[in-house]
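Chains, contacts and geometry: an overview
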Amino acid sequence: MGSEVGEGIGTINWWGFSPSIDLTSIDPEATDDVAATREELNVLLFGAGDCRHILRTLASLRRKNPNLKVNFFIVENSVELLARQILLLSLALEPSEKLGLRQKSEMFLEIFGNSHVRAQTSEYIASKANDLIGLVTDPDEMEQRMAFMDIKKLKFKEKDDLETIFKFWRKKSADLFDMTDLWEYRLRNYFKQRYDARTNLADWDYQMKLKDLAPIVHVKQYTRWRVEGLAFEMRDAPYDVSNRTLGSGKAFREKSGTVEKRGYWGDIVTSPYIAFGVESENKELFKVQSKQYVRSAVDVAFHNVCQYVHEILTG
């Protein structure tokens, strides 16, 4: 049982398995008076997997203490996770004149949780990756253009690894990274002889495991993600380009020795809905009619990301 759970979760946590939280609200030393007057706060995020806590915390500062400076120290066991957080944070903080709030939030969720993205999102990833290559190789340029990000404490090898990852992201050839085949490979290894019943098994997992914990997640959306890797479809457009940001290496033992293979080695059982899509300050999103939620986890996630980004950029 344990090995099956581990196989389903994978070896790299592209998204967190808990909802986003405002980190200033859990400071054990901060009374209301202290929180309102504090000038600086250091936060260590160890193995968070994504930037959900950062976005929610920054958004809440505008309301609670706009003068508070928060320093986030991010520690991950994989450089690919750092690369993804750099990309997603830079996307969230794009100027409004470059990307509108709706477009930015949709693109954010696509990159965050979809196996495949739209063509225009793929173009954005390639373009941004090209920019990031220049920034990670030129500290002065990064300090000037992305003052909110400091990678000076990274080792030279880690910076080189970041550059390699960004170079991979800008390559658009489907032959280099085919998420359809990679997702199927993971499913076949996970289900084994039960592979042909994967849709029914995903439905069973939802009914027996997820429904009570996160009922706002709709069974059809969860099952589609389990089978195809598509969690967030908000446009009537094809999501048919492999999401290259979900690629990472994994070591395999072969006769010739240890070989690292790039593939999709992340979660195929829990879903990316948990991070942004199961809780919200807006309780209207959780209205129930005829014992059914009117909205879904996709609606909640989109609302939350829109709210966080809007509050961060405008206050």
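Everything numeric in this text was worked out from a predicted model, so none of it was measured. (Residues numbered from 1 in each chain as written. Predicted model: local features only at pLDDT ≥ 70, side-chain atom pairs only at ≥ 80, totals over all residues. Heavy atoms only, no water.)

Next up on the list: the overall build of the protein. Across its full length, the protein holds 13 helices and eight strands. In terms of overall size, the protein behaves like a compact globule, its C-alpha atoms giving a radius of gyration of 20 Å where 315 residues would be expected to give roughly 20 Å. Across its three principal directions, the C-alpha atoms of the protein cover 60 × 55 × 40 Å. Expressed as a percentage of the 315 residues in the protein, the buried residues total 48%. At a minimum sequence separation of 6, the contacts of the protein that also span at least 24 residues come to 76%. Accessible surface for the protein amounts to roughly 16500 Å². Of this, 50% is attributable to carbon and sulfur atoms. (Helix = DSSP H or I, 4+ residues; strand = E, 2+ residues; numbered from the N terminus. Rg over C-alpha atoms; globule rule 2.2 N^0.38 Å. Buried < 20%, exposed > 50% of the residue type's maximum accessible area, 1.4 Å probe, protein only. Contact = heavy atoms within 4.5 Å. Areas by Shrake-Rupley, 256 points an atom, 1.4 Å probe, with all protein chains shown as cover.)

With that settled, the discussion passes to the packing of helix H5 (residues 101-113) against helix H13 (residues 297-314). How two helices pack is summed up by the angle between their axes together with the distance between the axes. Direction vectors running N to C along H5 and H13 enclose 125°, while the axes themselves pass 9 Å from each other. Taken together, the axis directions place H5 and H13 in an arrangement best described as oblique. For the element pair H5 and H13, the recorded crossing hand is right-handed. Facing Leu 101, Arg 102, Lys 104, Ser 105, Glu 106, Phe 108 and Leu 109 of H5, the residues of H13 in contact are Ala 301, Phe 302, Val 305, Cys 306, Val 309, His 310 and Leu 313. (Axes fitted to C-alpha atoms, helices over the stretch in contact; angles between N-to-C directions. Parallel < 35°, antiparallel > 145°, perpendicular 65-115°, else oblique. Left-handed = near helix turned anticlockwise from the far one by under 90°.)

Working definition: two side chains of opposite charge can pair if their charged atoms are close together. By the definition in use, this model includes 21 salt bridges. Its salt-bridge partner being Asp 50, residue Arg 52 comes within 2.9 Å of it at the nearest N-O pair. By relative accessible area, Asp 50 is classed as buried at 3%. Among the ionic pairs, Lys 167 bridges to Glu 163, the shortest N-O distance being 3.3 Å. (Salt bridge = Lys/Arg side-chain N within 4 Å of Asp/Glu carboxyl O.)

Let's shift gears to the side chain of Asn 243. As for its position among the elements, Asn 243 is in the loop between strand E4 (241-242) and strand E5 (248-254). The exposure class of Asn 243 is buried, given its relative accessible area of 0%. Not counting residues within four places of it along the chain, the set of residues in contact with Asn 243 comprises Arg 84, Glu 110, Ile 111, Asn 114, Ser 115, His 116, Val 117, Ile 125, Phe 177 and Met 179.

The pairing of E5 with strand E6 (residues 257-263) spans seven bridges and is antiparallel. Its bridge partner lying in E6, Glu 254 is registered against Gly 257. In textbook terms, the turn of a hairpin is the stretch between consecutive antiparallel strands, and for E5 and E6 this stretch comprises two residues. (Pairing = 2+ DSSP bridges.)

Let's shift gears to the packing of helix H10 (residues 198-210) against helix H11 (residues 219-228). Here H10 crosses H11 at 130°, and the two axes come no closer than 9 Å. One element, H10, and the other, H11, form an angle in the oblique class. Crossing of H10 over H11 shows right-handed handedness. Residues Arg 198, Thr 199, Ala 202, Asp 203, Asp 205, Tyr 206, Gln 207 and Leu 210 of H10 pack against Val 219, Tyr 222, Thr 223, Arg 226 and Val 227 of H11. In terms of residue class, the contact of H10 with H11 is built from six nonpolar, three polar and four charged. (Nonpolar A, V, L, I, M, F, W, Y, C, P; charged D, E, K, R; others polar.)

The next thing to look at is the state of the cysteines. In the structure shown here, the tally under the stated rule is zero disulfides. Looking at Cys 51, it has no disulfide partner, and the nearest cysteine sulfur is the one in Cys 306, 15 Å off. On the basis of relative accessibility, which here comes to 1%, the residue Cys 51 falls in the buried class. (Disulfide = S-S within 2.5 Å.)

The next thing to look at is the nonpolar core. Soluble globular proteins tend to pack their nonpolar side chains together in the buried interior. One finds Phe 108 and Val 217 to be the most contacted residues of the largest nonpolar core, which totals 88 residues. Among the elements that take part in this core, H13 stands out by supplying ten residues, more than any other. Excluding its chain neighbours within four sequence positions, the residues that come into contact with Val 217 are Tyr 206, Leu 210, Tyr 222, Tyr 273, Val 278 and Ala 297. (Core = buried A, V, L, I, M, F, W, Y, C linked by side-chain atoms within 4.5 Å.)

By the secondary structure assignment, Ala 48 is in the loop between strand E1 (40-46) and helix H3 (52-64). Among the residues examined, Ala 48 registers a relative accessible area of 12% and is labelled buried. Separated by 33 residues in the primary sequence, Ala 48 and Leu 81 place their C-alpha atoms 9.4 Å from one another. Apart from the residues lying within four places of it in its own chain, the contact partners of Ala 48 are Asn 13, Gly 16, His 53 and Glu 76.

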